[in-house]
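These are the residues of each chain, in order.
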Amino acid sequence: SGQYLRFPLSMSDVYSYEGDSYSSVGAYEDAATISPEVTNAYSEVEEATANGYEESTIDSGAYSGGNAYESLYGDETGPETKEDDLSDVKVAKFIGKDWNEEFQRILENEKGHAKYKMLSELAADFVYAAQTYGQIIISESSLPEDAKTIKPVGLGGIAGGEKFVCQNILFKFALDSSGLYGSDEAAMKSASNELKGLMSYYNLQLDGICFPLMALIDFRGYRLVAISMLPIGKDSIIYGSSDAGATVHADNEEFNNKMKRAAEILNLKGHHVGKVDGKVLFSCGDIEGHKGSDGRLYLLDFGRAFPPQVRMIKDQKRRHLYELLRPELVASNAVPLSSDALTAWGKNDDQAEVHNEEVRQATMNLYTTVIPAFATFLDGLSDDAFSKIRLTEELHRHGINVRHLGFVRTHAKNESVRRKILLECVARSMKSDIQTLLRNKNRELMIPSDEPYRKVSLLFLNSALARHPPFWEHIRNETQLKFVNCLTADEKQTLPIFLASLNIYELFLRFSDLSGIRLSPQALEELAADPSAPLRLVDPDIEAIAATVKYMNLIEHSAGVVLAHEATKCSGRASERLFAMADSKFRRSLERTPNSSLTLFDWAKMLHTQAQRCADSLKPQEESAQETAAKLAERLSQQRSKAASVSAGKTNTDVKISRAASANSRHHIRLNSGVLRRASSSRPSEAPLIVPPDPNIVQEKARACFSSAEEKLRRALKIKTDYAEARLELAHLLYDYGMFLISVAVASSNESTKYQLSELGHQKISESLSIDPCRLASVRQRALDGVKDFQAATDFASLRDSFVEAQPMLMCISGNRNDDGQSHFEVGMLCAKFCRSLLDRTTDNEIVDKYISIAAEQFKKAIEVDIVFLKNVERFLQLDAKPADFLVFSQISASVGPLHDSLKARCEHVSSIHLPHCNGITEASIESLMLACPNLRVLALDGNTKSVTDSLMRFIAVNCHHLECLSVKDCKSITIGPVVDGNAVSGSIMAAVSSASFLSTGFGGGAGISGIGIDVGVLGSRNIGASLASSQSGKSKLETATEHNSKCANTLQFLDISGCSLIESKSVVALSIFTKLETLLMAGVNKLVDSDLIKLMESSRKIQTISISDCFQLTNAGLASVSKLDKLVSLSAANCKSFTDEGLVGALKSCTSLQVLDVSQNRGITDTGVKAVSSIKSSSIKSLTLAGCESITDSAVKSLLKRAGSTLFTVDLSGCPLVTDAVASYLAKYCPNIAEVSLANNMKVTSKTLESLSHGCHSLERIDISGCTNISTGLTSFMASCALEQLKAVSCSFTPEDVGMAFSAKAESKRSGQAVKYLDLSDIRITDEALSRITASSTLVRVLRLNQCGALTNISMAKISQLEFLTELYVDSVYYLSDVGIEKLFDPSGTVGKTIRTLSVQKCAKLTDTAMLTIAEHARGLKRLFVSKWRLQSSSVRVLLESCIDLEDLLIEQCSELNVADTKAMIKAEFKRVSALIL
């Protein structure tokens, strides 16, 4: 106890175990002297070495050297050893199992998965036998020969000492017993290069070339090479040299050609080898090709398969024998490299200096480019990604040897990266030290034993754990020596700083992997708990000192293929487990040989299969998507019912878990019922229906597998460019990958993701067809199906999904054949029609611009193929084009000359354009469109606050000379400039309207106006018409407008400037120049004052319709000025607080033609004012609105109704508290044609009102008795006698029975054909039974309001679900409504999910995320949703927004569990189209 290894700072001594301590016993590196034979053989090498170095660190001149590594069959550098070697091999070769014969027979005769299964078993057996016998040989290495279980054989040779043959396996120690390498460690590295070279050549799969099986066994500090015996002899060599270059063979043309092909793949260079009769070899000179006694061609001795690195350290070690460039670096080099560069093997080549310089440049590139780039790559990884990579695998994949880790650390900036690199370097230094100690201990012992090795290991590890300074100083120095530039200046000088960079626990784990010394779980657990705490290990803490075996990647590769095949035979977790195991095997195989094209190919095939199975599991199989969704929904309902029965005993956590599971299942239903309808493969899905996997996870997994498979196939083809099988597999993979991406795009509800995936899918399929066009027919059929779906789509979601599927298919077809004009035309038309649909649904201009650009390109190609396609476009524009198509084609024509000319001619006939509430459109876009349509007569720009400005109005005035109809209602950016010369106006409104001759009040698509109408909703910022505008002639938009005033001032008849709140009152006076003005709408021009209105009325006496509602500054004087309009037909003067009877009497004193009067919300209006209306001579009042005139009584109303008589159609007396039932009797008596009555919020109105109306008002269609709480009966007779379409009865006192009977009577009456379409029964005691009768008799209801109907339950939702035309539903404060009710409302058997556009479900506390997901799944066309007091989380809100792509307005208020801030941020970042209020 308390004893540690005593390491001096000098590196020259090593310590052997003596009792309980270590003492110095000799040279640290094994110091056997170089034998005379080797000295003679390498005299030429030594001379070249002495003269070949320069002072430069990297460009240090050429190496010179002899044969790098003796043949494992006894092919030493000394030719005198060859005779005995080969003859002895022949004697020993048939002892035991003939590994080689079995190996070659499997490769030659077996096919498919059976081949790989047999290879895996054979190779595993070989490694097991090699490890078993190898451990015995190493354990007995210090025993006398006669005491050894496995006796050495006399194969001769000087490198490595004794050789052994057991079970037809040749074993040889990788030791520097002759001083050839300079150390045992260097000899071990050379043996590792032998295995690396063998795997590199084997993985090329050169037909007709055979290789041995090989493994390296590391045990107790020794490395033993194990290789299968081959049927070769001293006369069988046909390629290379077995006598240090004295004789060079290239005797077999077939073999030579195969080696040349191998060199092309490996990027090796042919060069001259030998002295006088040398040959051109495409490999290192000391590789050997043999024609065996069995007739096969064998290749062996791969120790120097790749070029040496320019030496960095000036010493006498023959580093060119073991410090080689990585195969990956050689393969990626700009020019092929010679394996014999910088050695004596290549010095006789005339191009030797060229070869040497190329290797110097490759080494320079490694240090100056490859290593810094790799360090940057590591720095760029996230912590999570970096923690998952295998450092050495990534290092090798980039072509960097482990010995260069120090340089990588120098360039790395990320501290996590630097710490991990240092840990790897220190672990390898510790492994090297423990190997030396174990070898020395082995040489001391004369009997096989385990305990001494455990003691050595225990003392070594305790020295490390105790932070023993001499120990760690030695390790630090050793690390700096092995890994140049690994340590910083502080780490070199200060030991605590060095140790602070190490995590002892992680260091011990890595050391254990490298050395085979396994610690107990208890020791590791204690070390992990606190790596800095003192820990002393005892004997039981070392579980084993195991052998570590390096072997050909053949084992893992074959096992991976077998496991992948087995995985396809099962499903579910069993399949996933086998796929994971196969993936691990392929990964380990590639770790051993990162450039194995065969491993990459088979791994990619496995990933392709796995990805396709995941993709197939997302598609409905053997039943429709609806059936699948229905089954899942039924099972989900059963699960919820079961959960509800025990909900009382659940904890809050249980509830959350249940809800999360419910949401997960619901999301699965949503995706399965989507449009993943056509499979890219016919393989059946094997995923079980019960407990379906999360489709999001499956999608991501499939995509990851597809992507990984593609990356591996591309790597394989980069390594082996003529790999035909890999190229065909890549074509197949890209096709399946593209189809999968398109299917995911169709199912996705995220707008931007949908189009990105569709484009990526197109790229994959297009590349697939370019490699292998055999699937072109399949793509064409898919495209045709998609086009049919597009043409048949009835809603935007279906249209968009079919487009996302059809467009990339058509693009693939047109891209595959440039002369296929029809395909180009079809793509162009599809994109153009889709852009038309996008205009009023997206504000993402990039998407629209993208598809317009594609359409333009495709039309251009089609027209180049045949001019007939231009005629097709013209025919479409003439016969089939919808209004918005002209907006799209004006953009498309920008880059298509012939189409530009055709569209220009067609746009001359466009006369009507409607762009209401297009806040995303720009002023420049409107200007361009105006120029594109020179004969424009109707233009509606209502509500465009941002784009409709003064400058735009000036532009319209100057350039739209034929404009007849202009509406700029609610364009709040418009002002009116000062009066010029008393009557001309330079401001925007006057400039525009002075050029108009007629303005119609009807803007419904240009009805009554000849020509083509363009009616577009919400547009993005589009540059519509720019291409056509460029060819239009006209004056500058800065031209003054006054020159048009005299021409058009007498033609204007209609002007609507309602809501233009910035207009100054004095500016209104300028409207007086329009002497023929008939309609003037100025509601909301709240700066208007009496004096200016009076002036306008004096000069505009022909006005028939005027609106001055909400003009708050007007008084009775202003209202009275209307009397000057002797032809007044309609007067709207609502909500002007200063108006009284005086003003109304003054306004009507000369009116003889008044038909429409609205003076609502003016409390100053009393009976006097109403009687003034009734006294108008020749008046035929059709519409009378007196709502909110609180002083009006029955008597005044009676006189008015009597006067109006049968001409009155509409009367609104809501909010008139003095009005009684008498009004209804007057209506019944005097107004038989009355169609609309409002008596809302009049407490003196009772049930007698309904009775009166039922007797005399049979034409009544709309009635509002909301708030009339004294109405409790009479509904049945009323509804049976009237042609009622709209009923508002909020808070009336009807009983449930009365309501039910009333609607039943309505259905049975003679007037049953007049169906109720709007129904508001809020705050009435409606029961489930009553609602059942209502829905049964009112199937045409479009708007249904049932707020505060507290007696309703989930049962009623099932009845509502059957209303085929319901678009708006309000069920606020329906307390018993739960998630189940929402499910019933959107039951697939009903129709509400398809028709609903507005849904309000506020103050329903039993609703949760499940209800939200139900809405998201079934109400895909929803535009407005209002919810409050639900139990919601942000995840369900996201699903809603992704699913309901038409959603415009969203209110979420007081919802527990909802993170308001996160939800707001999500909507702002990802769903900008939605106007959301989250409280």
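Keep in mind that this is a model prediction, so the values were computed, not measured. (Residues numbered from 1 in each chain as written. Predicted model: local features only at pLDDT ≥ 70, side-chain atom pairs only at ≥ 80, totals over all residues. Heavy atoms only, no water.)

### Quick look at the overall build of the protein
So, step 1. Of regular secondary structure, the protein possesses 56 helices and 40 strands.
So, step 2. Counting all 1479 residues of the protein, 58% fall into the buried class.
So, step 3. Contacts in the protein between residues at least 24 apart in sequence constitute 75% of all its contacts with a sequence separation of at least 6.
So, step 4. For the protein, the exposed area adds up to about 56,600 Å²; of that, 51% sits on carbon and sulfur atoms. (Helix = DSSP H or I, 4+ residues; strand = E, 2+ residues; numbered from the N terminus. Buried < 20%, exposed > 50% of the residue type's maximum accessible area, 1.4 Å probe, protein only. Contact = heavy atoms within 4.5 Å. Areas by Shrake-Rupley, 256 points an atom, 1.4 Å probe, with all protein chains shown as cover.)

### Details of empty space enclosed by the protein
So, step 1. Enumeration according to the criterion identifies 10 cavities of 30 Å³ or more in this entry.
So, step 2. Reported here for the largest cavity is a volume of approximately 100 Å³.
So, step 3. Considering the residues around the largest cavity, the lining is formed by 13 residues, among which S200, L204, L266, N595 and I719 are closest to the centre.
So, step 4. If you list the elements that add at least two residues to the lining of the largest cavity, you get helix 6 (184-202), helix 7 (253-266) and helix 8 (327-332).
So, step 5. Tallied by class, residues from the lining of the largest cavity come to seven nonpolar, six polar and no charged. (1 Å grid on protein atoms, 1.4 Å probe; cavity = no way out; pocket = protein on both sides within 12 Å on 5 of 7 lines; lining within 4 Å. Points joined across faces, edges and corners; volume = space filled by probe spheres on them. Nonpolar A, V, L, I, M, F, W, Y, C, P; charged D, E, K, R; others polar.)

### Points about the environment of E525
So, step 1. Positionally, E525 belongs in helix 19 (residues 521-529).
So, step 2. Placed 20 residues apart in sequence, E525 and Y505 show a C-alpha to C-alpha distance of 9.1 Å.

### Some details on helix 43 (residues 1141-1148)
So, step 1. For helix 43, the buried fraction is high: six of the eight residues fall into the buried class.
So, step 2. Among the residues of helix 43, D1141, G1143, L1144, G1146, A1147 and L1148 are the ones counted as buried.
So, step 3. Turning to helix 43, the residues buried within the fold contact helix 42 (1116-1120), strand 28 (1156-1158) and helix 44 (1167-1174).

### Structural notes on the side chain of S1121
So, step 1. Tracing the sequence through the fold places S1121 in the loop between helix 42 and strand 27 (1130-1132).
So, step 2. From its side chain, S1121 meets the backbone oxygen of G1118 in a polar contact 2.5 Å long.
So, step 3. Setting aside its immediate chain neighbours within four residues, S1121 contacts L1093, I1094 and M1097. (Polar contact = N/O pair within 3.5 Å; in protein donor to acceptor, adjacent residues only side chain to side chain.)

### Quick word on the packing of aromatic side chains
So, step 1. Scanning the entire structure with this criterion turns up 28 aromatic pairs.
So, step 2. Arranged with centres 5.5 Å apart and planes meeting at 65°, the rings of F173 and Y222 form a pair that is edge-to-face. With F173 in strand 5 (residues 169-173) and Y222 in strand 8 (residues 222-228), the pair connects residues that are 49 residues apart, well separated along the chain. We note that F173, like Y222, is buried.
So, step 3. Centre to centre, the rings of F859 and F889 are 5.8 Å apart; their planes meet at 40°, and the pair counts as tilted. Taken together, the positions of F859 in helix 31 (residues 845-865) and F889 in helix 33 (residues 883-892) put the pair 30 residues apart, joining distant regions of the chain.
So, step 4. Using a relative accessible area of 1% as the deciding quantity, one classes F859 as buried. (Phe/Tyr/Trp six-rings, centres within 6.5 Å; stacked < 30°, edge-to-face > 60°.)

### Concerning the confidence of the model for the protein
Atom-level detail of predicted coordinates should not be read off regions where pLDDT is low.
So, step 1. Confidence in the prediction for the protein averages 79 pLDDT; 80% of positions are at 70 or higher.
So, step 2. Confidence drops under a pLDDT of 50 for residues 621-626, and excluding neighbours within four residues, the segment shows 10 contacts in the predicted structure.
So, step 3. In the predicted structure, residues 977-1048 sits below a pLDDT of 50 and forms 217 contacts with residues beyond four places in sequence or in another chain. (pLDDT = per-residue confidence, 0-100.)

### Some remarks on the environment of V698
So, step 1. Looking at where V698 falls in the secondary structure, it is placed in helix 25 (residues 695-719).
So, step 2. In sequence terms V698 and A615 are 83 residues apart; their C-alpha atoms lie 7.6 Å from each other.

### Description of the pattern of salt bridges
So, step 1. Tallied over the full model, the rule gives 51 salt bridges.
So, step 2. Note that R409 and E491 form a salt bridge whose closest N and O atoms lie 2.8 Å from each other. Remark: E491 occurs in helix 16 (residues 489-493) and R409 occurs in helix 12 (residues 405-411); sequence separation between them is 82 residues.
So, step 3. Relative accessible area serves as the criterion here: at 3%, R409 is assigned to the buried category.
So, step 4. Given a relative accessible area of 4%, E491 falls into the buried group.
So, step 5. Among the salt bridges present, the one from E424 reaches R510, with a minimum N-O distance of 2.8 Å. Residue E424 is located in helix 13 (residues 415-444), and its partner R510 is located in helix 18 (residues 504-515); the two are separated by 86 residues in the primary sequence. (Salt bridge = Lys/Arg side-chain N within 4 Å of Asp/Glu carboxyl O.)

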